[in-house]
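Below, each chain spelled out in residue letters.
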Amino acid sequence: MRGSSCSHMDWLELRSTVLACTRCAISQTRIQAVFGVGNQQASWMIIGEAPGAEEDRQGEPFVGKAGKLLNNMLTAIGMPRETVYIANVLKCRPPNNRDPKPDEAANCRGYLERQIELVNPALILVVGRIAAQNLLQTDAPLARLRGKEHSAPLSGTPVIVTYHPAYLLRQPADKRKAWQDLLFAREVAARHAR
Ligand code: URA
């Protein structure tokens, strides 16, 4: 969504707008839109790519296998799932879990920006290349995005990038590097604590 047509919305209005959204063709193939979940005053916000099959069924982000690993990662760093806010770049499941198209990400952008504004977290942890490139509006590869403090456009919130948990399930050897990212995120969050 270009422009700021939802920049005035409260949680209730934003949620009902997202759940009723038909801006993209993928709204026709979803079971339901997946808005986001968690502590609306969280100091950490987690941003993923898009709902998968299980998320589409349950209406909640990160409830499948990748979600279980994400929960374990969050618990390990002392920020269990119920303490954070979790959302995706796309609110609808792309068919066959294909990558989001640029126009789909653009249609959804205002929703995510408003969620960030409403939560006003001290830190955003972005998981995976696609989510990071979309949030930060860059083509840089994940390897160049990890290990640095970025700023979310508009809000200026500190952003740390790490691997997507679905990738870590396929490449468990990289879990050690993901742990380094989480330690770095904790350090940045402490510096920006509200
Ligand atoms: N992967 C994501 O990026 N988001 C989800 O909600 C589930 C899997």
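Residues numbered from 1 in each chain as written. Predicted model: local features only at pLDDT ≥ 70, side-chain atom pairs only at ≥ 80, totals over all residues. Heavy atoms only, no water.

Novice: Tell me what's going on with the pattern of salt bridges, and back it up with residues and numbers.
Specialist: Side-chain pairing between opposite charges can occur once the charged atoms of the two side chains come close. As enumerated under the stated definition, the model contains eight salt bridges in all. Taking the shortest distance from any N to any O, the salt bridge between Arg-98 and Glu-104 comes out at 2.7 Å. Among the residues examined, Arg-98 registers a relative accessible area of 25% and is labelled partly exposed. The salt bridge involving Lys-177 is made with Asp-174; its shortest N-O contact spans 3.5 Å. According to the relative accessible area criterion, Lys-177 is partly exposed, its value standing at 38%. The exposure class of Asp-174 is buried, given its relative accessible area of 13%. (Salt bridge = Lys/Arg side-chain N within 4 Å of Asp/Glu carboxyl O. Buried < 20%, exposed > 50% of the residue type's maximum accessible area, 1.4 Å probe, protein only.)

Novice: Please set out the site of the ligand residue by residue, giving values where relevant.
Specialist: Close contacts around the ligand come from Gly-48, Glu-49, Ala-50, Glu-55, Pro-61, Phe-62, Asn-88 and His-164, and that covers them all. Within the backbone of Glu-49, one N or O atom sits 2.8 Å away from an oxygen atom of the ligand. Separating an oxygen atom of the ligand from a backbone N or O atom of Phe-62 is a distance of 2.9 Å. With the chains in place, 91% of the 240 Å² that the ligand exposes on its own is no longer accessible. Considered class by class, the residues forming the shell around the ligand number three nonpolar, three polar and two charged. (Near = heavy atom within 4 Å. Polar contact = N/O pair within 3.5 Å; in protein donor to acceptor, adjacent residues only side chain to side chain. Areas by Shrake-Rupley, 256 points an atom, 1.4 Å probe, with all protein chains shown as cover. Nonpolar A, V, L, I, M, F, W, Y, C, P; charged D, E, K, R; others polar.)

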